[in-house]
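# Observations on the three-dimensional arrangement
So you can see what is in the structure, the chains are spelled out below.
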Amino acid sequence: MQSAVFALVLLASVAAVTEPAGAAPPVVAADLTRPSAVELTGATTYLLNGTSGLRNVVCLAFVNHGTGLATKVGLSLAMLDATGTVVGVDVMYPTGKFPVGVRSAFSGSRDTIDVPNGNCHAINSLGATQRSSFTFRPNKDTPLADVAAILVSTREIVYQDGTAFRTDEVPKTGDHLALPVAPAFTAAVPDGPPVVSFATVNGSPIEVTDAFATETVVRTGGVYNGGGLLGVIAAMPVTTRSRSYCMTFANRDPRDVKFVRVNLAVLDRTGKVVGLETLDSKGPFAQATTGDSGIACEGIRGKLDADTFMYQPHDGDPVAVGRIVITPLSVDFADGTSWIAPNPPVLGAPLGSP
């Protein structure tokens, strides 16, 4: 996985891209002041709309560099605001066995309905919103805090031979820590689920302000109303989950916008465009220098294989996706005029550096 930063991107096939001033998820990084035998190698985030409502989810990839096979790993997640103050601390325990030197990004989960991957952790706070950014409120009597970063440290490692590492020297609420620096942008994403990015094209009347992945989980059934064996089978609970990619935008043009279409450029692990999907949002949207359009989402053909999303193109074999880039494609105004992106992404084009 790559660091959870919705970075500015520059498509080789998109002319003159400028950095959007939009929302962003927290930077997820290792707490370098608390080294251990568990190395954090990547992280991603997504919004969960599940059986307990909206929750923010962070997923971690790590490698065990310890003395042998680990049978238990406990990680501390310290949430920092923009001043570096710890506003909350969560703990996660991926389940399973963790061999030495092997990347762990998908494991058993204690929350098999909403979050079936044990390397992912849903943050139970009262602050989740339909945005990429994390907000945290432990209870109704505390103020809402924007989470700028999540620092990950190890609190426990238990090895198969019975030896163990344990510490209580982990961040606590109220501590002040150094904020991590967001990593430099890279087009290629070598592993993990797709990193969602967005960009603004010079001359576009709309500006994409946020982009993120959302997973929706619906649980039905579970109530027996009689009818023998068939009634029992019909009453068995069924869990349905779907993942979509969402965006918001702001109208920067004095004309009212009636309809917006954006490109979802699907990139493979090398950063090459292997698919072009579209996402539509219907207005009207009046001009607003603050605020945005509200969330609009679109699913993409394919399925998750562990923590890798395998995209199914219209033609050809499934492709492992590294990044999904959202850029404006066309805008229709209420007065009947339109704008069309002059150089939209093209299949086979690489993704350049900003």
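### A closer look at the overall build of the protein chain
Across its full length, the protein chain holds one helix and 25 strands. For the protein chain, with 354 residues in total, the buried portion stands at 50%. Within the protein chain, counting contacts between residues at least 6 apart in sequence, those at least 24 apart form 69% of the total. Carbon and sulfur atoms make up 55% of the accessible area of the protein chain, which totals about 15700 Å².

### Details of the environment of Thr239
Its place among the elements puts Thr239 in strand β17 (residues 238-251). Along the chain, Thr239 and Arg219 lie 20 residues apart, while their C-alpha atoms are 4.6 Å from each other. Once you skip the residues sitting within four places of it in the chain, Thr239 turns out to touch Ile113, Val217, Val218 and Arg219. A polar contact of 2.5 Å, which involves the side chain of Thr239, links it to the side chain of Arg219.

### Some remarks on the pairing of strand β5 (residues 53-64)
Every other side chain in a regular strand lies on the same face of the sheet, so the side chains alternate between the two faces. With ten of twelve residues buried, β5 lies mostly within the body of the structure. Here strand β4 (residues 38-50) runs beside β5; their pairing, made up of twelve bridges, is antiparallel. Looking at the pairing, Glu39 lines up with Val63 of β5. Where β5 meets strand β9 (residues 120-123), four bridges bridge the pair, whose relative direction is antiparallel. Looking at β9, one finds that Cys59 is bridged to Cys120. With two bridges connecting them, β5 and strand β8 (residues 103-104) associate as antiparallel partners. Paired with Val63 across the bridge in β8 is Arg103.

### Looking at the packing of aromatic side chains
Within this structure, the stated rule accounts for three aromatic pairs. Ring centres of Phe62 and Phe98 lie 5.4 Å apart, and the angle between their planes is 50 degrees; this geometry places the pair in the tilted category. With Phe62 in strand β5 and Phe98 in the loop between β7 (86-92) and β8, the pair connects residues that are 36 residues apart, well separated along the chain. With a centroid separation of 4.9 Å and an interplanar angle of 80 degrees, the aromatic rings of Phe249 and Phe285 are classed as edge-to-face. In this pair, Phe249 is assigned in strand β17 and Phe285 in strand β19 (residues 273-285), connecting sequence segments 36 residues apart. For the cation-ring pair, Arg255 lies above Phe333, with the distance from its terminal atom to the ring centre recorded as 3.8 Å.

### So, the state of the cysteines
Counting across every chain of the model gives two disulfides. At a sulfur-sulfur separation of 2.0 Å, the disulfide partner of Cys59 is Cys120. Every disulfide takes its handedness from the sign of the S-S torsion; for Cys59 and Cys120 that torsion is 105 degrees, giving right-handed. With Cys59 in strand β5 and Cys120 in strand β9, this pair connects stretches of sequence that are 61 residues apart. An identical accessibility class is assigned to Cys59 and Cys120; each is buried. Once the disulfide-bonded cysteines of the protein chain are ranked by sequence position, their pairing pattern turns out to be 1-2, 3-4.

### Quick notes on the layout of surface pockets
By volume, the largest pocket amounts to about 350 Å³. For the largest pocket, the lining is made up of 21 residues, of which Glu215, Arg241, Arg243, Leu304 and Ala306 are closest to its centre. Of all the elements in the fold, those that place two or more residues in the lining of the largest pocket are β4, β17 and β21 (302-305). Residue classes in the lining of the largest pocket are distributed as twelve nonpolar, four polar and five charged.

### Here's the deal with the nonpolar core
With 36 residues, the main nonpolar core has Tyr245, Met247, Leu264, Ile300 and Ile326 as its most contacted residues. In contact with Met247, other than residues within four places in its own chain, are Val208, Asp210, Ala211, Val262, Leu279, Ser281, Gly294, Ile295, Ala296 and Ile326.

### Things to note about the environment of Asn56
Counting through the fold element by element, Asn56 comes out in strand β5. Overall, the relative accessible area of 3% leaves Asn56 in the buried class. Note: C-alpha distance between Asn56 and Ser125 (69 residues apart in sequence) is 8.5 Å. Leaving out residues up to four positions away in the same chain, Asn56 has contacts with Tyr46, Leu47, His121, Ala122, Ile123, Ala128, Ser133, Phe134 and Thr135.

### Re the confidence of the model for the protein chain
Per-residue confidence for the protein chain averages 88 on the pLDDT scale, and 88% of its residues sit at or above 70. With pLDDT under 50 throughout, residues 1-20 is counted as low confidence; its partners more than four residues away or in other chains account for 94 contacts.

Parameters and conventions
Residues numbered from 1 in each chain as written. Predicted model: local features only at pLDDT ≥ 70, side-chain atom pairs only at ≥ 80, totals over all residues. Heavy atoms only, no water. Helix = DSSP H or I, 4+ residues; strand = E, 2+ residues; numbered from the N terminus. Buried < 20%, exposed > 50% of the residue type's maximum accessible area, 1.4 Å probe, protein only. Contact = heavy atoms within 4.5 Å. Areas by Shrake-Rupley, 256 points an atom, 1.4 Å probe, with all protein chains shown as cover. Polar contact = N/O pair within 3.5 Å; in protein donor to acceptor, adjacent residues only side chain to side chain. Pairing = 2+ DSSP bridges. Phe/Tyr/Trp six-rings, centres within 6.5 Å; stacked < 30°, edge-to-face > 60°. Lys NZ or Arg CZ within 6 Å of the ring centre and 35° of its normal. Disulfide = S-S within 2.5 Å. 1 Å grid on protein atoms, 1.4 Å probe; cavity = no way out; pocket = protein on both sides within 12 Å on 5 of 7 lines; lining within 4 Å. Points joined across faces, edges and corners; volume = space filled by probe spheres on them. Nonpolar A, V, L, I, M, F, W, Y, C, P; charged D, E, K, R; others polar. Core = buried A, V, L, I, M, F, W, Y, C linked by side-chain atoms within 4.5 Å. pLDDT = per-residue confidence, 0-100.

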